[in-house]
Amino acid sequence: MTVEIDDPLRLERQVCFALALANRAVLAVYRPLLDPLGLTHPQYLVMLALWGDTPLSVKDIGELLQLDSPTLSPLLKRLEASGYITRRRDPQDERNLLVDLTQAGRTLRSAAEKIPGAVVEKLGVSLADLEDLHAALTRVNQAARRSLQSR
């Protein structure tokens, strides 16, 4: 079977394929950097959210990371078991669960500060290229979310 180069269904032309490959490759770069911290990539994302602002409700973390509660809850349980976070009921609204950093979680931040630079170095791509990629992916994510919301 011969496939035309301009075939819209060519695997190499698919955005979803390029994103899937890039996702796997970039996460593989992060893995050895996160292992010494005892974090998986999803746990690292939770910690990034908390290092930016704490305490946060589980709902707020879910919205920031675009994760649902069944996905987020096990991450939080493991981070709590590792001693990096605490979870407690919000005294103003008992329905909300607040997540806060422990001292160990705050201390972990200094080790994590080396990760972004190490990722840039391992990828061998300029910071400007990565910033452009980030901006483009943010636009794609926003457009996809709008598309889903308009259904």
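Residues numbered from 1 in each chain as written. Predicted model: local features only at pLDDT ≥ 70, side-chain atom pairs only at ≥ 80, totals over all residues. Heavy atoms only, no water.

Draft legend 1. Region of the structure containing the overall build of the chain. What the chain contains, in helices and strands, is seven helices and three strands. Sequence-ordered secondary structure for the chain, helices as α and strands as β, is α-α-β-α-α-β-β-α-α-α. For 151 residues, the compact-globule formula gives about 15 Å, and the C-alpha radius of gyration of the chain, at 19 Å, lies well above that figure. If you line up the chain on its principal axes, its C-alpha atoms span 65 × 40 × 30 Å. In the chain, which comprises 151 residues, the proportion classed as buried is 23%. A fraction of 48% describes how many contacts in the chain between residues 6 or more apart in sequence connect residues 24 or more apart. Side chains of the chain give 19 positive and 19 negative charges; the mean places of these two sets differ by 4 Å. (Helix = DSSP H or I, 4+ residues; strand = E, 2+ residues; numbered from the N terminus. Rg over C-alpha atoms; globule rule 2.2 N^0.38 Å. Buried < 20%, exposed > 50% of the residue type's maximum accessible area, 1.4 Å probe, protein only. Contact = heavy atoms within 4.5 Å. Lys, Arg positive; Asp, Glu negative; His and termini not counted. Charge placed at Lys NZ, Arg CZ, Asp CG, Glu CD.)

Draft legend 2. Spatial organisation of the sheet that holds strand β3 (residues 93–101). Read from one edge to the other, the open sheet built from three strands follows the order β1-β3-β2, with strand pairing classed as antiparallel. Edge strands, defined here as strands with exactly one partner in the open sheet, are β1 (56–57) and β2 (85–90). Here β1 pairs with β3 via two bridges, running antiparallel. Residue pairing for β3: S57 is matched across the bridge by L98. Its contacts with the sheet put helix α2 (residues 41–52) on β1, β2 and β3, and the angle it makes with β3 is roughly 95°. (Pairing = 2+ DSSP bridges. Axes fitted to C-alpha atoms, helices over the stretch in contact; angles between N-to-C directions.)

Draft legend 3. Quick look at the pattern of salt bridges. Applying the stated criterion across every chain yields a total of five salt bridges. Close ionic contact of D93 with R95 constitutes a salt bridge, the shortest N to O distance being 2.9 Å. Residue classification places D93 among the partly exposed positions, given a relative accessible area of 22%. The partner of R106 in a salt bridge is D100, and the shortest N-O contact between them spans 3.6 Å. For R106, a relative accessible area of 39% corresponds to the partly exposed category. (Salt bridge = Lys/Arg side-chain N within 4 Å of Asp/Glu carboxyl O.)

Draft legend 4. Quick look at helix α3 (residues 58–65). Within α3 the residues assigned to the buried category are V58, I61 and G62. For α3, the angular spread of buried residues about the axis comes to 100°, placing them on one side. Exposed residues on α3 whose side chains face more than 90 degrees from its buried face are K59 and L64. Downstream of α3 by a residue or two, Q66 has a phi angle that is positive, lying close to 55°. (Arc of directions from axis to C-beta.)

Draft legend 5. Examining the environment of D7 more closely. Relative to the elements of secondary structure, D7 occurs in the segment before α1 (15–34). Owing to a relative accessible area of 22%, D7 belongs among the partly exposed residues under this scheme. Taking the C-alpha atoms as reference points, D7 and P116, 109 residues apart in sequence, are found 38 Å from one another. Among the polar contacts made by the side chain of D7, one reaches the main-chain amide nitrogen of L9 at a distance of 2.9 Å. (Polar contact = N/O pair within 3.5 Å; in protein donor to acceptor, adjacent residues only side chain to side chain.)

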